[in-house]
Amino acid sequence: MTDSPRANRGPSAAPENRAALIGAARMIFATRGLDAPLSAVAKEAGVGQGSLYRHFPTRYSLALAVFEENADELEGIAAVDGSTLGDVLRAITAQAIVSTAFFEMIEIEKTDDAGRHLIDRISSVVESKLPAARAAGRVADWITTEDVLLGIAMLAGALAKTVHDERHAVATRVWVLLPFGPD
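Here the structure is a predicted model, which means the values were calculated and not measured. Every chain is numbered independently, its residues counted from 1 as its sequence is written. This being a predicted model, a pLDDT of at least 70 is required before a residue's local features are given, and a value of 80 or more before pairs of side-chain atoms are given or counted; all residues contribute to the totals for chains, interfaces and linings. With hydrogens and water set aside, each side-chain value is computed from the structure's full complement of heavy atoms.

Q: Summarise the packing of helix H4 (residues 59–79) against helix H5 (residues 85–98); cite the residues concerned and give the values.
A: Every axis corresponds to a line fitted to the C-alpha atoms, with the helix fit spanning only the stretch in contact, and the corresponding angles, defined between N-to-C directions, vary from 0 to 180 degrees. A run of H or I in DSSP counts as a helix once it spans at least four residues, and a run of E counts as a strand once it spans at least two, with each numbered from the N terminus. At a minimum axis separation of 9 Å, H4 and H5 run at an interaxial angle of 160°. Comparing their axes, H5 and H4 come out roughly antiparallel. For H4 against H5, the interelement crossing comes out right-handed. Seen from H4, the contacting residues are Asn 70, Glu 73, Leu 74, Ile 77 and Ala 78; seen from H5, they are Asp 87, Val 88, Ala 91, Ile 92 and Gln 95. Here roughly perpendicular refers to angles of 65 to 115 degrees, roughly parallel to angles under 35, roughly antiparallel to angles over 145, and oblique to all remaining angles. Take the far helix as your reference; a near helix turned counterclockwise from it by less than a right angle gives a left-handed crossing, and one turned clockwise gives a right-handed crossing. Contacts are residue-level and defined by heavy atoms, with any inter-residue pair within 4.5 Å sufficient.

Q: How would you explain the environment of Ala 63 if you had to name every residue and give the values?
A: Position of Ala 63 relative to the elements: it lies in helix H4. Partly exposed describes any residue whose relative accessible area lies between the buried limit of under 20% and the exposed limit of over 50%, with all areas from a 1.4 Å probe on protein chains only and scaled to the type maximum. On the basis of relative accessible area, Ala 63 is assigned to the buried category, the value being 1%. In this structure the C-alpha to C-alpha distance between Ala 63 and Ala 25, which are 38 residues apart in sequence, comes to 7.4 Å.

Q: Give me the lowdown on helix H1 (residues 14–32), citing residues and values where you can.
A: Helix span, as expected, comes to 1.5 Å for every residue beyond the first. With 19 residues, H1 should reach 27 Å at 1.5 Å per residue; the first-to-last C-alpha distance of 26 Å fits that figure. With its phi angle positive at about 90°, Gly 33 sits one or two positions after the end of H1.

Q: Before we move on, could you go through the packing of H5 against helix H9 (residues 167–177) and cite the residues and values that matter?
A: Remark: H5 packs on H9, axes separated minimally by 10 Å, with the N-to-C direction vectors making an angle of 140°. Here H5 is positioned oblique relative to H9, judged by the angle of their axes. Where H5 crosses over H9, the handedness of that crossing is right-handed. Contact residues: Leu 89, Thr 93, Ala 96, Ile 97 and Val 98 in H5; Arg 167, His 168, Ala 171 and Trp 175 in H9. Classification used: nonpolar for Ala, Val, Leu, Ile, Met, Phe, Trp, Tyr, Cys and Pro, charged for Asp, Glu, Lys and Arg, polar for all others including Gly. Along the lines of polarity and charge, the residues of the contact of H5 with H9 split into six nonpolar, two polar and one charged.

Q: Go over the nonpolar core with me, naming the residues and quoting the values.
A: Within this scheme, the nonpolar core is defined by two criteria: the residues are buried Ala, Val, Leu, Ile, Met, Phe, Trp, Tyr or Cys, and they are joined through side-chain atoms within 4.5 Å. Membership of the largest hydrophobic core comes to 31 residues, with the highest contact counts inside it found for Leu 89, Val 148 and Phe 180. Within the residue set of this core, elements represented by two or more residues are H4, H5, helix H7 (113–135), helix H8 (145–160) and H9. Per element, the largest residue contribution to this core is seven residues, and it comes from H5. Not counting residues within four places of it along the chain, the set of residues in contact with Val 148 comprises Leu 89, Val 126, Leu 130, Ile 143 and Phe 180. Of all hydrophobic cores here, the second largest spans 20 residues; its members include Leu 21, Ile 28, Leu 38 and Ala 40.

Q: A description of the pattern of salt bridges should follow, citing residues and the corresponding values.
A: When a carboxyl oxygen of Asp or Glu is within 4 Å of a side-chain nitrogen of Lys or Arg, the pair counts as a salt bridge. For the structure on display, the rule yields six salt bridges. Here Glu 69 makes a salt bridge to Arg 26, at a shortest N to O gap of 3.0 Å. On the criterion of sequence distance, the pair formed by Glu 69 in helix H4 and Arg 26 in helix H1 is long-range, its members being 43 residues apart. Judged by relative accessible area, which is 35%, Glu 69 ranks as partly exposed. Residue classification places Arg 26 among the partly exposed positions, given a relative accessible area of 26%.

What follows is the structure, encoded as structure tokens:
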């Protein structure tokens, strides 16, 4: 017995399809890497490949959409009263443990306007939390936003070479080695 195809709802389904594609890409890229077939993303989202390419003409544009959601999450955490640099770094660590591929892709494509925009968003989040971390004595005065971003890149690089089951332990070791990190 075969499943009957979904009815074509036309343009009214576009926002739902886009959200489904981003969710599917997050899962597929996290488990199979950025080189996973885009047909697997479309299948997981329950849409056709034409719909995928209408929303995301390139693999990079799809990965950027996933990473935009990550940046949204970090900005949301930073906006909470009383949140700390440690809260932001813990969230970044959790994102990196799930999938280092997104961090690596943004680092590779940081000369691209969209990639640079995402790096700027993360930089702004870190920069907004750094003064309070310094004032609390958690971060030395000489630590800059760029230093924290370098630490995040080092974390992503280390996790990219680590099997998934060992990533949490490796992330903990990376943060211990740096003069800042989640509490």
